[in-house]
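Observations on the model geometry
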Amino acid sequence: SVPPTPAVTVENLTKVFKAGLGKKAFVAVRDLSLQVQPGEVYGLIGPNGSGKSTTMKAILGLLAPTQGKTTIFGRSSTEVASRREVGFLPENPYFYKHLNGLETLLFYGRLCSMGGKELKDRAREMLALTGLEDAADRRVAGYSKGMLQRLGLAQALLHRPRLIVLDEPTAGVDPAGSRKIRDLVLGFKKEGITVLVTSHLLEQMQEVCDRVGIMAHGKMMREGRVDDLIAVENHTEIVLEDASPE
Ligand code: ADP
Ligand code: MG
């Protein structure tokens, strides 16, 4: 039988940020390859500066690779059609502060060509799913970090993507908020949505990820099932080392 089209492929991705403004050219990602299968939850783990966000932006078609290529459901990441199938929670989601939670989702929905009752119902549904129904009428300016992350998740899910990409969804979120986000990811998994998530903490990925890739200095160091990786070595060393050049 024909193997299923991978949800995501990264083939020999290299990203060099050019020199400028007193900064030297910098290789953020170096010859990196990975595949995420449909329905899989894949975690990309590594310290700050290891190249996780750069890799995600390349997958999403937001950054042009210096070398290599990336695909989403078998099509080049640069095709708008493939990006519509994707929900993205960026590292620090930001919103129009004067809008409330519901208005934020309605605004985004219209950008995705949604509208009418279908959009309103879906927005309410996503606010309920992320535990924000009581905050729906409050201005985003008053939201906590955890609430902003959950609003970002609600937004990423609004247009029913087949793939969701979450960049450090639990960074700066308290333990209760982190558990809530973890439960949401487990829910996506049940629905068969493919998830690509980053974190600098392996522990947080243990329960949710089918497989993880561990990055350092822009390179893939290890890849596999979390339990196998933990059994092989002292993972904290890899994860806590700070590769940031600053
Ligand atoms: P991570 O998400 O793992 O923390 P990033 O992918 O954000 O890592 O960054 C990897 C490295 O690339 C960092 O050292 C960062 O400073 C550098 N970098 C990221 N974006 C840019 C950019 N636009 N210009 C120059 N350097 C960048
Ligand atoms: Mg990052």
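Residues numbered from 1 in each chain as written. Chains lettered and ligands numbered in written order. Predicted model: local features only at pLDDT ≥ 70, side-chain atom pairs only at ≥ 80, totals over all residues.

1. Re the confidence of the model for the chain
For the chain, the average pLDDT comes to 89, and 93% of its residues sit at 70 or higher. Per-residue pLDDT stays below 50 along residues 237–246; that stretch engages in 23 contacts with residues further than four places along the chain or on separate chains. Both scores are available for the predicted complex, with the pTM at 0.90 and the ipTM at 0.98. (pLDDT = per-residue confidence, 0-100. Contact = placed C-beta atoms within 7 Å.)

2. Notes on the site of ligand 1
In the region of ligand 1, 13 residues are neighbours, and Phe 17, Ala 28, Lys 52, Ser 53 and Thr 54 sit closest. Within the residue set of the shell around ligand 1, elements represented by two or more residues are β2 (26–36) and α1 (52–59). Considering every element that reaches the shell around ligand 1, the biggest residue donor is α1, with three residues. When its residues are assigned to classes, the shell around ligand 1 shows four nonpolar, eight polar and one charged. (Near = placed C-beta within 6 Å. Helix = DSSP H or I, 4+ residues; strand = E, 2+ residues; numbered from the N terminus. Nonpolar A, V, L, I, M, F, W, Y, C, P; charged D, E, K, R; others polar.)

3. Remarks on the sheet that holds strand β6 (residues 86–89)
Taken in spatial order, the six strands make up an open sheet running β6-β7-β8-β3-β9-β10, and their pairing is mixed. The sheet is open, and its two edges are formed by β6 and β10 (219–224), each paired on a single side. Taking each pair of neighbouring strands and ignoring which way they run, the sheet shows an average axis angle of 15°. Here five bridges tie strand β7 (residues 163–167) to strand β8 (residues 194–199), and the two strands are oriented parallel to one another. Each residue of the ladder has a partner; that of Leu 166, found in β8, is Val 197. The sheet contacts of α1 involve β3 (41–45), β7, β8 and β9 (211–216), and relative to β7 the element is tilted by about 155°. The sheet contacts of helix α5 (residues 145–157) involve β6 and β7, and relative to β6 the element is tilted by about 165°. (Pairing = 2+ DSSP bridges. Axes fitted to C-alpha atoms, helices over the stretch in contact; angles between N-to-C directions.)

4. What about the nonpolar core?
The biggest cluster of nonpolar side chains holds 62 residues, and the ones touching the most others in it are Ala 154, Ile 164, Val 165, Val 195 and Leu 196. The contact partners of Ala 154, leaving out residues within four places of it in the chain, are Leu 105, Met 126, Leu 127, Leu 129, Thr 130 and Leu 132. (Core = buried A, V, L, I, M, F, W, Y, C linked by C-beta atoms within 7 Å. Buried ≥ 20, exposed ≤ 12 C-beta atoms within 10 Å, placed from the backbone.)

5. Examining α5
The terminal C-alpha atoms of α5 lie 19 Å apart, and with 13 residues this matches the ideal 18 Å at 1.5 Å per residue to within 8%. Along α5, the residues that are buried comprise Gln 149, Arg 150, Leu 151, Gly 152, Leu 153, Ala 154, Gln 155, Ala 156 and Leu 157. Buried positions along α5 lie against β6, α3 (101–111), α4 (116–129), β7 and α6 (175–190). (Expected span 1.5 Å × (residues − 1).)

6. Some thoughts on unusual backbone geometry
Backbone geometry at Asp 31 places phi at a positive 50°, although glycine is not the residue there. Mapped onto the elements, Asp 31 comes out in strand β2. Residue Asp 31 is classed as partly exposed on the basis of its C-beta count, with 14 C-beta atoms lying within 10 Å. If you check the backbone angles, His 217 has positive phi at about 50° while not being a glycine. Structurally, His 217 can be placed in the loop between β9 and β10. Overall, His 217 belongs to the partly exposed group, with 17 C-beta atoms counted inside 10 Å.

7. Quick notes on the pairing of β6
Residues of β6 alternate between two faces, with Val 86 and Phe 88 on one and Gly 87 and Leu 89 on the opposite face, all of them buried. Across four bridges, β6 lies against β7 in parallel orientation. Bridge pairing in β7 places Val 86 opposite Leu 163.

8. Describing the packing of α3 against α4
Contact geometry of α3 with α4 gives a least axis separation of 10 Å together with a crossing angle of 130°. By the criterion of interaxial angle, the relationship of α3 to α4 is oblique. For the pair α3 and α4, the sense of crossing is right-handed. Note on element contacts: α4 touches α3 through Leu 119, Ala 123, Met 126 and Leu 127, opposite Gly 101, Leu 102, Leu 105, Leu 106 and Gly 109. Of the residues that constitute the contact of α3 with α4, the class distribution is seven nonpolar, two polar and no charged. (Parallel < 35°, antiparallel > 145°, perpendicular 65-115°, else oblique. Left-handed = near helix turned anticlockwise from the far one by under 90°.)

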